[in-house]
Amino acid sequence: MDLGINLPMNSEVRTYADIMKGIDLGKYFEKRQETRGRLPKNRIRILNAILFGYMVDVRSSRALESACRNDIRFMWLIGQMEPPSHTLIASVIRALSLDLKTVFKEVLDAIEKRDPTDTSVLHIDGTKIEADANRYTFVWKKAVTKHRDNLYEKISKALEKLNAMTSLNVRIQKTYQASTLKRIKNKVETLIQTEGIDLVYGKGKRKTPLQRIYDTLKSHSEKMVEYEKHLSIMGAERNSYSKTDHDATFLHMKEDHMRNSQLKPGYNVQIGVNNEYIRLIEAYSYRNDLKTFEPFLETFHEVHGHYPTYPVADAGYGRYDTYHYCLSKSMKLFQKHNMWEKERTKAFKKNPFNRINFTRNKKGDYICPKGRKLTYRYTTKNKYIKSPHEIKVYKSVTCKRCDLKAQCKKGKSERELYINEKWDEMKATVQKNLESPLGIELRIQRSIQVEGAFGIIKEDMRFRRFTRTGIQGITNELNLIAIGYNLKKFHNKLHRMIQ
């Protein structure tokens, strides 16, 4: 029976089938070697049903199973094959997990052949999406380090007693590691065996002083292993994680129904959009967008083979390291910095006490509003900036008795200026680029396209929480969401143009 007779010509499934004609999905599955037994179901048709399901917002494996049995669009896609079970659908997604980014790229290329895109522009933004983790399974770095420091003191006291009681002469330290405690515990255990002491436990049993110290060190060693494990999972970049999803970080979410700034486990999701299509989507454990810019564009280069000439982003991304990275990769500076809006105001430009408004003499010295000279003294660096840079320090003559001290907000005997000339040049370039006709157009398009994409994903597609765990699991889920979004967008644009 030809089910296609009952499908309208403008159906989403016809658009999907047209896009997937030139894509070989069979290469992502291993060929069956065993010839005996029951023939397996066609994985390619099941994958087509999965991808089309994300296009029409049918995403769970049970919903896909039901659609393959009852929805004429899905029945037409899988053909005469018996509808797959939800477990088989889930296993197909798992089998394809490492190749979903490649599938996403192939689908995007097929769409862009039919709707050409300017690949030199990329509009970037991020949002936070809640993880599939319990809300009260948090582990905080500050709490762990606090308890660990208290444990250091307890260990030192136990070792002092051990040295007073035995001839082991264990060195007292300020900090300890679990491996060190294990070695000490083994030495005490050997000493107990040498002296023939029986370890006793339970009610009515009297422990020897050496056994008491041994049990204390054993308990402290186990606790130290636990603290080191927590800190290892968090790493240097995070301050928290969830016990039920180690890659999730506790973040402030916009959806705060209790209005008490409750932190929830989630991920920082970054997308790059152009021509209304998602060209890349990634998730990170960082709390803000600053540290996501470089890894995001490096992944973009791996997927697409080039860097965008115009990476457009808001003030959450603009800083010295970002600008230095863009220049090193021949990308233009179209990212706002955190003072960009303020520095454009008339009040800021007319305020004579702002350093940027100080005049300079022929020797390059800065002149304050009182007319006093600030001369160059030495060069230093900012520990928070990783890229190569120099900060020049200028100092004035004594300004303790200056009548403008209150307005200048300097109570010290000398005023100091910290000047990063390269940073000033970068900000001037950003100001020029963003206020140009091209910059104005790109800023407008960034607001429309990226915010619009997040709006469709969160509201229309109702995707507000992950259903998978771990960075690999949510990356797979995001790629499926992006494939569905791009297919939906192409279908809507296609029939909008036909009308």
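In this convention, every chain numbers its residues from 1, walking through the sequence in written order. Under the rules for a predicted model, residues below a pLDDT of 70 receive no local features and side-chain atom pairs below 80 are neither given nor counted, while totals for whole chains, interfaces and linings still include all residues. Think of the side-chain values as coming from all heavy atoms in the structure, minus any hydrogens and water.

A. Spotlight on the packing of helix α7 (residues 141-165) against helix α9 (residues 209-234). To get an axis, fit a line to the C-alpha atoms, keeping to the stretch in contact for a helix; angles then go from 0 to 180 degrees between the N-to-C directions. Secondary structure elements are taken from DSSP: a helix is a run of H or I of four residues or more, a strand is a run of E of two residues or more, and numbering for both begins at the N terminus. Where α7 meets α9, the axes come as close as 10 Å, and the angle between the chain directions of the two elements is 155 degrees. In terms of their interaxial angle, α7 and α9 are classed as roughly antiparallel. Crossing of α7 against α9: the hand is left-handed. Classes in brief: Ala, Val, Leu, Ile, Met, Phe, Trp, Tyr, Cys and Pro nonpolar; Asp, Glu, Lys and Arg charged; the others, Gly included, polar. Per-class residue counts for the contact of α7 with α9 are 16 nonpolar, 5 polar and 5 charged. Any angle that is under 35 degrees is reported as roughly parallel, and any over 145 degrees as roughly antiparallel; angles of 65 to 115 degrees are reported as roughly perpendicular and all others as oblique. Helix crossings fall into two classes, left-handed where the near helix is turned counterclockwise from the far one by less than a right angle and right-handed where it is turned clockwise.

B. Region of interest: the pattern of salt bridges. Criterion for a salt bridge: a side-chain nitrogen of Lys or Arg within 4 Å of a carboxyl oxygen of Asp or Glu. Scanning all chains against the criterion turns up 29 salt bridges. A salt bridge links Glu65 to Arg69; the shortest N-O distance between them is 4.0 Å. With Glu65 and Arg69 both in helix α3 (residues 61-70), this residue pair falls 4 residues apart, about one helical turn. Note on exposure labels: buried denotes an accessible area under 20% of the residue type's maximum, exposed denotes more than 50%, and partly exposed covers the range between, all computed with a 1.4 Å probe on protein chains only. What makes Glu65 buried here is its relative accessible area of 17%. On the basis of relative accessible area, Arg69 is assigned to the partly exposed category, the value being 43%. We note a salt bridge from Asp215 to Lys207, for which the minimum N-O separation is 3.0 Å.

C. Structural context of the packing of helix α6 (residues 100-114) against helix α10 (residues 293-304). At a minimum axis distance of 11 Å, the contact between α6 and α10 shows a crossing angle of 65 degrees. With respect to α10, the axis of α6 lies roughly perpendicular. Crossing handedness for the pair α6 and α10: right-handed. Taking contact as the criterion, the partners of Lys101, Lys105 and Leu108 in α6 are, on α10, Thr299, Val303 and His304. When checking whether two residues touch, look at their non-hydrogen atoms; a contact exists if any pair is within 4.5 Å.

D. Representation of the side chain of Lys427 in the model. Residue position: Lys427 is located in helix α15 (residues 421-434). Looking at Lys427, the relative accessible area reads 12%, which means it is buried. Once residues lying within four places of it in the same chain are set aside, the contact partners of Lys427 are His337 and Glu343.

E. Region of the structure containing the environment of Asp109. Within the element layout of this structure, Asp109 appears in helix α6. Given the relative accessible area of 28%, Asp109 is considered partly exposed. With 170 residues separating them along the chain, Asp109 and Arg279 place their C-alpha atoms 9.7 Å apart.

F. The pairing of strand β12 (residues 391-396), seen in detail. Counted residue by residue, β12 has 5 buried out of 6 residues, so it is predominantly covered. Should DSSP find at least two bridges between two strands, the strands are regarded as paired. Looking at chain direction, β12 and strand β13 (residues 416-419) are connected through 4 bridges and run antiparallel. Across the sheet, the residue bridging to Lys395 is Glu416, located in β13.

G. A look at the sheet that holds strand β11 (residues 373-380). As summarised here, the arrangement of the 5 strands in space is β9-β10-β11-β12-β13, forming an open sheet in which the pairing is antiparallel. If you trace the sheet from one side to the other, it starts and ends with β9 (359-360) and β13, each paired once. Where β9 meets strand β10 (residues 366-367), 2 bridges bridge the pair, whose relative direction is antiparallel. Across the sheet, Thr359 pairs through a bridge with Ile367, a residue of β10.

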